[in-house]
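# Secondary and tertiary structure notes
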Amino acid sequence: MTAAVTNERLRAMKSAVHPSPTISSNISIADSTLSDMLHAMTPAGADDADLYVQYSESESLALEEGRVKHVSSSTHQGIGARVIKGEASGHAYTDSLEPSALMDAARAARSIAAESGSRAPVAVHATEKRHALYLPQNPAAAAPMPERKALLERLDGFARKLDPRVKQVFANVSSSFSDIRIVRMDGAELHDVRPLVRLNISVVVEQDGRRETGSAGGGGRFGLERMLVGEEPERLAREAVRLALLNLDAIAAPAGPMPVVLGPGWPGILLHEAIGHGLEGDFNRKGTSAFAGRIGQQVAARGVTVVDDGTISERRGSLNVDDEGTPTERTVLIEDGILTGYLQDRQNARLMGMQPTGNGRRESYAHPVLPRMTNTFMLAGSDSPDDILASLKHGIYAVNFGGGQVDITSGKFVFTTSEAYLVENGKIKAPVKGATLIGDGPSVLTRVSMIGNDLELDPGVGTCGKDGQSVPVGVGLPTLRIDEMIIGGSEA
Amino acid sequence: MSDLKDISAQLVELAGKAGAHSADALSIADTSDSIRVRHGRIESVEHEDSRGIGLRAFVEKQGTNGKELAFASASTSDVSASGLTRLVEQVMAMAQISEADPDAVPPLGAEHPDAIQLADWQKRHACTEPAWQIDAAKDAALACEAAALEHSSLISNSEGAESGFGRVRVAYASSDGFAASYEKTSAALSVSVIAGKDDGMQRDYDWDRQLTGIALRQPEDIGREAAERTLRRLGASGMSSGSMPVIFEPRVTTSIIGHLTSAANGRAVLQQRSFLGESVGQAIFPDFITITDDPDHPQGLGNRLFDGEGSRCKRLQLIEKGRLTAFLTDRYAAGRLKTIPGGHARRGLTGDIGIGCSNLILQPGKLTQEALLRDIGNGLLICELIGFGVNGVTGDYSRGASGFLVEDGKITRPVQEITIAGNLKDMFQHVRHVGSDLTWFGSMAVPSIAIDGLTVAGQG
């Protein structure tokens, strides 16, 4: 199993045109129908069962060659029915809300159980959520499409004026919300409406026949109108142009082991790949992770504390409840270098005799639940970022990254730089071309020798892929020195 | 079957009534089943039924040089009458906001397949039988995993075996009166096992994917292959850095061919985002490389009679004796690049039209993998690549890798925690040999390839 995170814009986005002012019940299915489904699908001996009712809308506007000529939306709805017994689970997904299709789905989900008896019927009853981390809204409601179009046009003009070498500008604004009802085996129902917005800009620059690209983006779980005002869009455009121009001067990266200083924020994908995936409950229950059975062992240098926190207000990776209705938490994965916890959904937690941590997630009603990360980051240390960079005699200072990936079983992971510099005697010498850094998850953090006091979270651009499912995530990191990693440049 | 086609045509008609200059609609209905087993017991069963429809509508606007066209697209899973009405309203409202493009190509007058071609395709590709049966799929998954686990006592754990099958129905209709649909089936079987323990654990896998369950390789063969692959990775360690020839196994050659098609994408070329932007007609590979896009192959999972714009798909020799013959185009890219539309429009329900191939076949050479190893003498055999270190604008390439060290023409030991780097333009030019071991991966068939002069980064 390999798993990956990228900062490409959402691929599996669903979408909307008409603002839905009040989002209380986008799907009208009677409680009695849900109750009938639960009754039909749940054998007496089931450990767990649930229904996941989802309605989602999304909208996207994209600018290319100075024109907003790609405008699209989508509206999707469906139900996932799930039954769990021991290590086995049965799933059925349908986007038809016809009663006969729903009952067929209920029976299909039940097919893992041979027994004929059913649990007693339960009444569906609404349950309060613990968190209110974002507004239950269509995030596009207060930002009409013409305003979004004007924003993209403004960015295009702004980026082109920054430098005559800018040849192409691509800008995209997307928004979505997902209206979810989770009905558990006991009839308890949790309702969550999850907004998500994203603004992205990328440019192509050209000089003396050499072309390079740079991009920047941001977003989170808040109203799109907030992205239309203020200086943030211009800041993103400036950042994209800066990165592209920087790459025009980039030299080939070195090849081989070297000390590395990572900048704050998005370079936290190091943690996502090196640590996070390997601590997901499914891999550890099955013993397929390089971290299996290592709780209580030292897996990082003293001073390293890593958490997964789904409870940060308006962050891209945050959720009020996970996709099983469990409230999200702040889970300490590594405390002062010692491995302390796993990320759990309900099934894996039950089988391991642990508590669920609010990390059971699914891309949509049409996907199974898996233990997944939310926002994963390292707590700040006490070193000043300047001192950390100054400590680097000969190495790489990597500030920005593309995506990363990990082999869960061998623990080997990669992430690829998009802004990095060769450093000599504490001074930046030259920008280097994108290079993949490779390391070993269970040991890489033992080589951490300095931790910055400047923890930053990423700008809201992460999408994590596992088993073919994409979910939005966040990462974060303070400036960090790792005494050795292998740099995969082309300069041997 | 006909209902999807009718719904698509009906939607196009509704868009016309709502004032669209022209429109086209794509409908997809999917039914799939899968079963996963682990350590001989059922771990999960999944069943999915889904359908959706996507509409693209063009409207006329006054542009700088007279009337120009703008378009918008939307999709929904609600195919009821009210759902379709709402979809048309949404698309028309968005098309008013969308900017006109003087080069826009409306869905009129494409080179569609004719009735005879449709009938012939239907006859040759009709899939009246289900792709597989759930009980047979379950037995295959169990047999596959058992063969892997029993292969050696060193196989210590399993990630499970999974079998699945499905049927997808695709229908397309456009304003010029073309409406057609087709069905496709597929079946797949995969297994992944682990050898060793603690720090020394390794996993590998094998899989097959075909049009039907019957066509799949024997479950036991897939299981044994996964076990063999896992075992030979045991004891993997690092290696020192250097420049050397590298052999890509067929399963990783697929990614190199993927980078080629991304760069040959006509839209990426127009956007100045391709390192092959000026390369049509040029020799980008040595002359023994020939790559064909074949939309009508008996084994191909990428078979298609028409593309996402209803254009008839044709066989294309993308690379002919090393030369890039054409960019991959939809009608828009073809218009801008002043070439004949290639029938490469790829379309999902939502969003803009993309570009993609049908079945890509890299013509095999004469050397077996053993002969390739002897030929390179000292270098690396790559079996797995991870990460996203490929820059489509520059061709710069740097990815994590694992495989085997090759010394004096023989595999000597497994290696991991290394990267390989170079530039795709150079890598294409420096292909040294193509192997004889042509292997199908769904919609791509490739052999091993050997490339000179990649930079390997490892310990020291």
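For the structure, see preceding data.
### Comments concerning the overall build of chain A
Across its full length, chain A carries ten helices and 24 strands. Here chain A has a C-alpha radius of gyration of 24 Å; the compact-globule value for 492 residues is 23 Å, and the two agree. Counting over 492 residues, chain A shows a buried share of 67%. Here chain A has roughly 15400 Å² of accessible surface; of this, 49% comes from carbon and sulfur atoms. Distance from the positive charge centre (50 side chains) to the negative charge centre (61 side chains) of chain A: 2 Å.

### Quick notes on the side chain of Ser279(B)
All names here are of chain B. Relative to the elements of secondary structure, Ser-279 occurs in the loop between α7 (266–270) and β8 (291–293). Overall, Ser-279 belongs to the buried group, its relative accessible area being 5%. Excluding anything up to four places from it in sequence, Ser-279 contacts Ile-284, Leu-324 and Phe-327.

### Let's talk about the environment of Arg361(A)
Residues and elements named next belong to chain A. In this structure, Arg-361 sits in strand β13 (residues 360–361). For the pair Arg-361 and Ala-430, spaced 69 residues apart in sequence, the C-alpha separation works out to 42 Å. Within polar-contact distance, the side chain of Arg-361 engages the backbone oxygen of Met-373 at 2.8 Å. Within the local environment of Arg-361, its side chain forms a polar contact with the backbone oxygen of Pro-472, the two atoms lying 3.0 Å apart.

### As for the sheet that holds strand β9 (residues 316–320) of chain B
Residue and element names in this part refer to chain B. Read from one edge to the other, the open sheet built from six strands follows the order β10-β9-β8-β13-β19-β18, with strand pairing classed as mixed. For this open sheet the edge positions go to β10 (323–324) and β18 (439–440), each flanked by a neighbour on one side alone. Where β8 and β9 come together, three bridges link them in antiparallel fashion. Each bridged residue has a counterpart across the sheet, and for Asp-293 the counterpart in β9 is Leu-316. Here helix α6 (residues 250–263) sits on the sheet in contact with β8, β9, β13 (360–362), β18 and β19 (444–446), set at roughly 115 degrees to β19.

### Considering the packing of aromatic side chains
For the coordinates displayed, the defined rule picks out 14 aromatic pairs over all chains. Consider the rings of Phe275(B) and Phe428(B), whose centres lie 6.1 Å apart with planes at 45 degrees: the pair is tilted. With Phe275(B) in the loop between α7 and β8 and Phe428(B) in helix α10 (residues 424–429), this pair connects stretches of sequence that are 153 residues apart. The exposure class assigned to Phe275(B) is buried, which follows from its relative accessible area of 6%. Residue classification places Phe428(B) among the buried residues on the basis of a relative accessible area of 1%. Put simply, the rings of Tyr172(B), Phe178(B), Tyr182(B) and Phe306(B) pair up and form one aromatic cluster. If you follow Arg362(A) out to its NZ or CZ, it ends over the ring of Tyr52(A), 4.4 Å from the centre. Over the aromatic face of Tyr205(B) sits the side chain of Arg251(B), whose NZ or CZ is 4.6 Å from the ring centroid.

### What to know about the nonpolar core
With 57 residues, the main nonpolar core has Leu152(A), Leu199(A), Ile201(A), Val203(A), Leu11(B) and Leu55(B) as its most contacted residues. If one sorts the elements of this core by residue count, helix α2 (residues 81–97) of chain B sits on top with eight residues. In contact with Val203(A), other than residues within four places in its own chain, are Ala159(A), Val166(A), Gln168(A), Val169(A), Glu212(A), Thr213(A), Gly214(A), Ala240(A), Val241(A) and Ala244(A).

So, how was this worked out
- Residues numbered from 1 in each chain as written.
- Chains lettered and ligands numbered in written order.
- Predicted model: local features only at pLDDT ≥ 70, side-chain atom pairs only at ≥ 80, totals over all residues.
- Heavy atoms only, no water.
- Helix = DSSP H or I, 4+ residues; strand = E, 2+ residues; numbered from the N terminus.
- Rg over C-alpha atoms; globule rule 2.2 N^0.38 Å.
- Buried < 20%, exposed > 50% of the residue type's maximum accessible area, 1.4 Å probe, protein only.
- Areas by Shrake-Rupley, 256 points an atom, 1.4 Å probe, with all protein chains shown as cover.
- Lys, Arg positive; Asp, Glu negative; His and termini not counted.
- Charge placed at Lys NZ, Arg CZ, Asp CG, Glu CD.
- Contact = heavy atoms within 4.5 Å.
- Polar contact = N/O pair within 3.5 Å; in protein donor to acceptor, adjacent residues only side chain to side chain.
- Pairing = 2+ DSSP bridges.
- Axes fitted to C-alpha atoms, helices over the stretch in contact; angles between N-to-C directions.
- Phe/Tyr/Trp six-rings, centres within 6.5 Å; stacked < 30°, edge-to-face > 60°.
- Lys NZ or Arg CZ within 6 Å of the ring centre and 35° of its normal.
- Core = buried A, V, L, I, M, F, W, Y, C linked by side-chain atoms within 4.5 Å.

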